[in-house]
Amino acid sequence: MLVRHHNHCFIQYLKRIFPACYITLISVSFHSLGHEPATTFSSQTWSGGLSILFLATALMTICYYRKKWRDSHTLYQSSLTQLNQETWEWHCQTGLFQRSNKGNLFANIACDGHINPPCKPLIHPEDLERVIHELNLHLSGQTETFELIYRMRGKQSQWLWVLDKGQVVERDEQQRPILMLGTIQNITQLKEAQTKLSLVIGCLSRISDSVIVLDHGFRIIELNISTLTLFNANILQLKGYPLFRICLKDHEDEIKHSLKITGEWQGEVCHPFDTLNKKSCHVSINSTGNDELEDNHYIVIIKDLTEQKAAEAQLRRVSRTDALTGLPNRSAFLKDIEALTQNETPHALLLLDLNDFKKINDTMGHEVGDQLIVQLSQRFKSNLPKAHGLYRLGGDEFAVLMSETNDFVSITHIAREMLKLVDLPFLLHQQEMVVAGSVGIGLFPEDGSTSDTLLRNVDTAMYCAKEAGISKYVFFSKFMNQQAVERLQTENLIRQGLKEHLFQVYYQPKMSVTTGELKGMEALVRFICPQRGSISPASFIPIAEETGQIIEIGEVVLEKACRDLRKWQEYYGFQGRVAINLSAQQFNLPDLSERCAKILHRCGVSPQMVELEITEGAVMKSPEKAIATMFALRKMGIHLSMDDFGTGYSSLSYLKRFPINTLKIDKAFVDDMSSENGLSMVKTILSIARNLGLEVVAEGVETDAQYQFLKQEKCEFIQGYYYSQPLSMQMFESFLQKEMASQASADAC
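Quick caveat, the model's predicted, so the values are computed rather than measured.

This brings us to the packing of aromatic side chains. Across all of its chains, the model carries 17 aromatic pairs by this definition. Taken together, a centroid distance of 4.5 Å and an interplanar angle of 10° make the contact between Phe218 and Tyr298 stacked. Linking Phe218 in the loop between strand S6 (210-214) and strand S7 (220-223) with Tyr298 in strand S10 (residues 298-304), this pair joins segments that are 80 residues apart in sequence. In terms of burial, Phe218 and Tyr298 fall into one category: buried. With a centroid separation of 5.3 Å and an interplanar angle of 85°, the aromatic rings of Phe380 and Phe398 are classed as edge-to-face. Taken together, the residues span a long stretch of sequence, with Phe380 in helix H13 (residues 366-383) and Phe398 in strand S13 (residues 397-403) at a distance of 18 residues. What links up through ring pairs into an aromatic cluster is the set Tyr507, Trp568, Phe732 and Phe735. The ring of Trp159 has Arg153 sitting right over it, with the charged end atom 4.2 Å from the ring centre. Here the guanidinium or amino end of Arg379 rests over the ring plane of Phe426, the centre of that ring lying 3.7 Å away.

Let us now look at empty space enclosed by the protein. Tallied over the entire structure, the rule returns 2 cavities of 30 Å³ or more. Size it by volume and the largest cavity reaches roughly 140 Å³. As for the largest cavity, its lining consists of 15 residues, of which Pro117, Pro118, Leu135, Tyr150 and Asp164 are closest to the centre. Considering each element in turn, the lining of the largest cavity owes the most residues, 3 residues, to strand S3 (residues 146-153). Its residues placed into classes, the lining of the largest cavity shows 14 nonpolar, no polar and 1 charged. Volume-wise, the second largest cavity comes out at about 40 Å³.

What follows is about a nonpolar patch on the surface. On the surface, Val200, Leu204 and Ile207 cluster together to form a nonpolar patch covering roughly 210 Å² of accessible area. Here Leu204 is to be found in helix H5 (residues 188-206).

Counting buried positions over the 7 residues of strand S23 (residues 639-645) gives 6, a clear majority of the element. Pairing geometry for strand S22 (residues 610-615) and S23, over 5 bridges, is parallel. Opposite Glu611, over in S23, you have His639 as the bridge partner. Inspection of the sheet shows S23 paired to strand S24 (residues 662-665) by 3 bridges, in the parallel sense. Bridge pairing links Met642 to Leu663 in S24.

Disulfides are covalent bonds that link the sulfur atoms of two cysteine residues. Inspection of the entire model under this criterion finds 1 disulfide. One disulfide bridge connects Cys111 with Cys119, the sulfur atoms lying 2.5 Å from each other. Its S-S torsion of about 105° marks the bond between Cys111 and Cys119 as right-handed, since a negative value means left-handed. Comparing Cys111 with Cys119 shows no difference in burial state: the two are buried. Cys247 forms no disulfide, and the closest cysteine sulfur to it belongs to Cys281, at a distance of 8.5 Å.

Analysis parameters
- Residues numbered from 1 in each chain as written.
- Predicted model: local features only at pLDDT ≥ 70, side-chain atom pairs only at ≥ 80, totals over all residues.
- Heavy atoms only, no water.
- Phe/Tyr/Trp six-rings, centres within 6.5 Å; stacked < 30°, edge-to-face > 60°.
- Helix = DSSP H or I, 4+ residues; strand = E, 2+ residues; numbered from the N terminus.
- Buried < 20%, exposed > 50% of the residue type's maximum accessible area, 1.4 Å probe, protein only.
- Lys NZ or Arg CZ within 6 Å of the ring centre and 35° of its normal.
- 1 Å grid on protein atoms, 1.4 Å probe; cavity = no way out; pocket = protein on both sides within 12 Å on 5 of 7 lines; lining within 4 Å.
- Points joined across faces, edges and corners; volume = space filled by probe spheres on them.
- Nonpolar A, V, L, I, M, F, W, Y, C, P; charged D, E, K, R; others polar.
- Patch = residues over 30% accessible without salt bridge, like charges linked within 9 Å, V, L, I, M, F, W, Y side chains within 5 Å.
- Areas by Shrake-Rupley, 256 points an atom, 1.4 Å probe, with all protein chains shown as cover.
- Salt bridge = Lys/Arg side-chain N within 4 Å of Asp/Glu carboxyl O.
- Pairing = 2+ DSSP bridges.
- Disulfide = S-S within 2.5 Å.

The structure is reproduced here in structure tokens:
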């Protein structure tokens, strides 16, 4: 009974110490003896059972502590993984190399302790030589420890930066290494952070702005090189000193208050330094934390704006200054006149434009034109009152702003003075040149309540001054404005007319003086608009010439005339020539002959049946170029005539060189044949034409007396109301039918 009690107590004790699995093991031990654990043992069996019991207890103790070791090892491995580390031991003489935490951090590739280094397959090829060198130094006893940063392959085959530390802990009698222990730590993140930090430090050291770090007491604790340059000081003169003792003293209270409330302050400071180092700077200061904590710091960034401000000032000067003359330019003018208008300051505006300045550029070159503009601007600067604003608006256009005055006497005095300065001869390339100008004048607010309106109206007055004659000045009036409106409307109508094919061709017959037969016709453009009816050529042609629309109009007339001629040739066998006027702009086109050839080819008309009429003014702008153009047209077979001969300024020497076929006597000379001078002029033109072998056409013949005189003087052809007014295409066709029938009847007789 006592033995059973001891057995029971012992089993309960074991249950408290060991887990259930081990108690099961004890039960199995008793079963092996053929007894139940709770069965009463006899004294004969007690001795053997007790031995087995102690054996089982020993086994359970071993298993228990082995489990404890495994748990501890697992925790250790987990700790190494968390620390991004693994440990290693190298038995240098036996070649055994063991790694803890293997495969958790680095690639699970076997290491061989018989080679140096054992983990050679894991090491980056570019770092391998350095690892071997450092490891050999330590193995040979030349260094106390082995410590090196290099790259190893991670478990995902990426390259990781590692810190490898090791030491030989046991050597043999010959001091050869027996055992070496060490750790490898993954420092990739630390390495990347160091790289970024080095980059930031490098940038800060090279950045052009001054960067300063202050402690909580606003003392300088760190700064970059640019700070030394900006302050013109060395590091000993700045580091450790309060910022406000060196600069920004006048802003100290404002800065501290702003930092306390918002944690930041910034502003542009003209002279932040207390020394003679006068600069313009932009300063920003930011707090890194709580102002009440001693570990709070402030970051100060100072940007030197001195050069930028100087560049901006220079840019403003350049943007307001005309590069050629040094006068204020159009941009400056618009700002100044807008300021006067906004302030409702009475002022007068005078615009001056040179007459025919384009001719100077075209004939003598832009360099000569620029020299003229420079000389004229110098005259204006030297002679006009400095109180008035003088501007060059561009090209040959100048402006004068007279503020706080609407006095006509003062204004007209300035206008006359400007024109007088323009009229003085200019010496250009050892050659005297004379030009003329025109001045338009307007008053604020009478002639425009806004700067745009005033400028537009004064521009209108200036063009009226050009039309009034040489060296004129004109004050703006409402009548001029009406003319300007009408001109703009006409320009728009021309654009509409070209788009909607509203330009028509009328024909005035050209008759033989000797036979009275129809020999040809002159094509004349007419503009018949649905809104305004027939618009006079005197109204729309000058505007079309100014806008360049005359080129398109001229080509429309040429094509329509050629198509009509082709039709009359086919239907009636008409062999007369059609004459078409060429504007100066058309004549100066570099590809004029090519354009004419295309139209003639398109219409199926022979060049010999076309005559182009050219004015004296068009050819004398550039005689040599005109001669080349005329020869190109004559080579095609086109006939050429000099229109309005005698009204221009062509010389006989040039007239002999012009490859023309016909001279046309202007209507003004024909009208003047009632006087002796008029008759003499017509006789002279006829004589010149005969001497040059040219045909002559007299324009504007209206009376029988005119006809008889021209017939007597053997003028070949006439056109005018004596025979017919200009006729529409349909009316001319009827006229042509009658003439052809009349000629057929005469031939039959």
